[in-house]
Every structure is written in C-alpha cells, then in structure tokens.
Amino acid sequence: MFAAYAARIDKEDPLAGLELGERPEPKVPPGWTAVAVKAASLNHHDLWSLRGVGLGEEALPMILGCDAAGIDDDGNEVVLHSVIGQTGHGVGPREPRSILTERYQGTFAERVAVPQWNVLPKPKELSFEEAACLPTAWLTAYRMLFTNAGVRPGDSVLVQGAGGGVATAALVLGAAAGLRMFATSRDEAKRQRALDLGAEAAVESGARLPHRVDAVLETVGAATWSHSVKSLRPGGTLVISGATSGPNPPAAELNRIFFLELKVVGSTMGSKEELASLLNFCAAKGIRPVVDTSLPLDRAREGFAKMAGGELFGKVVLTV
C-alpha cells in the first residue's frame with residue numbers, strides 16, 4: 001500500500017528522512033481492527049518524529065501520521081483516537097501509553113491498524129477531512145481549555161501563536177463556548193484571521209493585552225513564556241502542551257509565579273471520552289476545523305514543507 005514514512009532520522013533537515021512509496025499492509029492482532037484511511041492530518045509531532053524525538057532508529061521505517069478518519073471493515077465511518085494503550089486495550093499489561101508512530105505504524109497510508117477500542121463513530125455532520133483534524137491538535141486544545149484551564153463561560157483566555165493547529169482550535173472552541181478569547185501573532189494576516197474566528201482582540205507577540213486574563217494556553221514555549229506569565233491575573237492558570245520555539249525560556253518568571261499564586265499545568269493530548277465530547281460539540285454547534293490546505297497523500301512532502309515553514313493557519317489534511 002502507498003504511504004508517507006520516516007526512512008531516516010535527520011535532526012537538522014527532517015524532510016530529508018521523509019519517503020513516499022510502498023509499505024506492507026498493516027498486521028491486525030486480536031482485538032485490533034484495520035481502517036481504510038480517507039483523510040489524515042499533519043501535526044508538529046510528525047516533524048519531531050523525523051527529527052528523532054519519540055522515534056528511534058530501531059523503529060524505522062515508520063509510517064507517519066497520528067490523526068485519521070476512514071471506514072472500518074464493517075463499512076462504518078469512523079474517527080481514530082491515536083493514544084494507544086491508554087487503558088491497556090489491545091496492548092500488554094506493562095506497555096506504557098504511546099501515540100501512533102512512536103511504537104505503531106501511523107495513518108499516512110491507505111490502511112492503518114488500531115485497537116478496536118480506539119475507534120469512534122464519525123458524526124455525519126463532519127466530512128472525513130474535518131474529522132481527521134480533531135484527534136490530536138483539536139483534542140489537545142479541548143483538554144487544555146475545558147479540563148485543565150479551569151475556565152467557564154465569560155472568563156478570558158489568551159492563546160499564544162495564532163495560526164498553529166492547537167492555537168486555532170482553541171480560539172474556535174473557546175469562542176463557541178462563551179469564553180473571551182485573545183490571541184497573539186507576529187503576522188498581521190494571522191491576527192485578522194484570529195479576529196474572524198471569534199477572538200475579542202489579537203495583538204503582536206509580546207504586546208500588552210487590554211487586561212490580564214484568567215488563563216493562557218501555551219504551545220510556543222521559550223519565545224512567549226515570559227509574556228504568558230505576565231499576562232495572567234493573580235491566581236490564573238498557564239496550560240502548556242508544547243514548546244515549538246524551544247523548552248528553555250530566558251526567564252522562568254518564578255518570582256511572579258509564586259508571588260501571584262499562578263498555576264502551571266502540563267497537558268498532553270486527551271482521552272477517548274474527551275474526543276467523543278469534542279466530536280459531539282462540533283456536530284451540535286456547527287463547529288468546523290480550520291483547514292489551511294488539503295492535498296492528496298502522494299503530495300505529502302508539500303504539506304510537510306508548508307508546516308515546517310510556519311506558513312499555516314489551521315491544518316494540513318492529506319486525502320487518500
């Protein structure tokens with residue numbers, strides 16, 4: 001079957017390790033099922049994998065891709081939850097949880113195998129392309145907002161780095177839930193897009209907000225960390241799920257964190273139950289993921305290059 005896969009690890013030039021070509025059909029162990037992929041979406045996780053983060057040479061070649069929507073062997077339209085072994089389903093009792101492509105072959109292929117437990121019904125209101133955007137970036141944003149930030153309708157939330165998959169999802173979900181959303185970006189066009197998606201204000205990266213906020217959602221890391229901490233009201237919450245600009249900020253702002261009793265909460269992916277709630281939320285409220293580019297699988301390299309260049313607003317989707 002045709003697939004996009006990591007053939008080599010290259011920390012400096014990750015796209016040098018990306019290959020497109022034939023790979024074996026997936027093996028389907030007991031308790032697992034095969035899904036014919038109709039659409040899959042890119043995440044920064046795929047670029048990090050090509051750099052060798054979470055993926056070792058011994059696991060190569062590895063088909064990339066965490067997210068997918070498709071059709072199962074019974075003809076049902078489905079969405080995949082990409083955290084394998086979260087509750088022990090389909091794996092050994094001592095196996096730690098992993099995300100597709102860390103231990104098991106991913107979704108950038110014509111077919112993928114996952115534990116039966118990881119398959120959810122796709123709402124009829126969502127296309128395959130839209131549904132394929134949800135299981136990683138949108139699920140991460142959903143958990144950050146509604147599980148870990150501790151916010152409720154009327155509260156204010158800053159999203160750093162408008163344009164990225166998680167940031168875009170957070171803006172749309174937060175606005176739909178009645179939160180007052182604020183965004184930052186270095187790019188004027190991305191700031192305008194954030195306003196179009198429901199942000200109350202969008203400012204230059206590092207600029208002062210109209211007022212301090214109840215929560216900050218952080219995926220950028222080192223470049224925006226200080227601004228995130230300084231933007232919080234006393235007792236506010238900073239939720240971090242990524243560090244695309246690096247993990248070591250010039251100033252940790254520890255004095256401000258303890259003196260203002262700020263909370264710093266780590267957040268990774270989300271549960272199957274949260275994904276089910278996210279799917280229902282999108283279907284019920286007419287929420288649709290923001291898709292920047294849709295490409296056939298055999299043009300995956302273009303999508304990877306666009307994401308690596310930071311030229312996106314929303315998701316890159318690969319169709320099969």
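Residues numbered from 1 in each chain as written. Predicted model: local features only at pLDDT ≥ 70, side-chain atom pairs only at ≥ 80, totals over all residues. Heavy atoms only, no water.

Looking at an unreviewed UniProt entry, one finds the chain named Zn-dependent oxidoreductase and attributed to Streptomyces diacarni.

Participant: Outline the overall build of the chain, listing residues and values.
Facilitator: Looking only at helices and strands, the chain features 9 helices and 18 strands. The C-alpha atoms of the chain give a radius of gyration of 19 Å, which matches the 20 Å a tight globule of 320 residues would have. Taking the 32 positively charged and 36 negatively charged side chains of the chain as two groups, their mean positions are separated by 6 Å. (Helix = DSSP H or I, 4+ residues; strand = E, 2+ residues; numbered from the N terminus. Rg over C-alpha atoms; globule rule 2.2 N^0.38 Å. Lys, Arg positive; Asp, Glu negative; His and termini not counted. Charge placed at Lys NZ, Arg CZ, Asp CG, Glu CD.)

Participant: Can you break down the nonpolar core residue by residue, with the values?
Facilitator: In terms of nonpolar packing, the biggest core is built from 47 residues, with Trp-138, Leu-173, Leu-217 and Leu-278 touching the most fellow members. Listed by contribution, the elements that provide at least two residues to this core are α2 (128-131), α3 (134-148), β11 (156-159), α4 (165-176), β12 (180-184), β14 (213-218) and α8 (272-285). The element contributing the most residues to this core is α3, with 8 residues. Residues lining this core come from more than one domain, with at least three contributed by each of domain 1 (2-134 + 289-319) and domain 2 (137-266). (Core = buried A, V, L, I, M, F, W, Y, C linked by side-chain atoms within 4.5 Å. Buried < 20%, exposed > 50% of the residue type's maximum accessible area, 1.4 Å probe, protein only. Domains from an automatic or database assignment.)

Participant: Give me the sheet that holds β14: which residues, what numbers.
Facilitator: Taken in spatial order, the 6 strands of this open sheet run β13-β12-β11-β14-β15-β16, and their pairing is parallel. Pairing within the sheet leaves two strands with one partner each, and these edge strands are β13 (201-203) and β16 (263-266). The sheet shows a mean angle of 20° between the axes of neighbouring strands, taken without regard to direction. The pairing of β11 with β12 spans 4 bridges and is classified as parallel. Looking at β12, one finds that Val-159 is bridged to Ala-183. α3 rests against β11, β14, β15 (232-240) and β16 of the sheet, and its axis sits at about 145° to β15. (Pairing = 2+ DSSP bridges. Axes fitted to C-alpha atoms, helices over the stretch in contact; angles between N-to-C directions. Contact = heavy atoms within 4.5 Å.)

Participant: Residues and numbers for unusual backbone geometry, please.
Facilitator: Note the cis peptide between Leu-60 and Pro-61, where omega equals -5°. The residue Pro-61 is located in the loop between α1 (44-50) and β4 (62-63) in this model. Despite not being glycine, Thr-101 has its phi angle at roughly 90°, a positive value. On the secondary structure map, Thr-101 appears in the loop between β8 (98-99) and β9 (111-115). Although it is not a glycine, Glu-261 adopts a positive phi angle of roughly 55°. Relative to the helices and strands, Glu-261 is located in the loop between α7 (254-259) and β16. Assessed through its relative accessible area of 61%, Glu-261 is described here as exposed.

Participant: Explain the pairing of β12 to me, and be specific about the residues and the numbers.
Facilitator: With 4 of 5 residues buried, β12 is to be regarded as a mostly interior element. Taken together, β11, α4 and β12 constitute a β-α-β crossover, and its handedness is right-handed. Looking at chain direction, β12 and β13 are connected through 3 bridges and run parallel. Among the inter-strand pairings, Ala-183 is bridged to a residue of β13, identified as Ala-202. Once the chain exits β12 it traverses helix α5 (residues 188-196) before rejoining the sheet at β13, and the crossover so formed is right-handed. (Right-handed = clockwise from strand over helix to strand, strands pointing away.)

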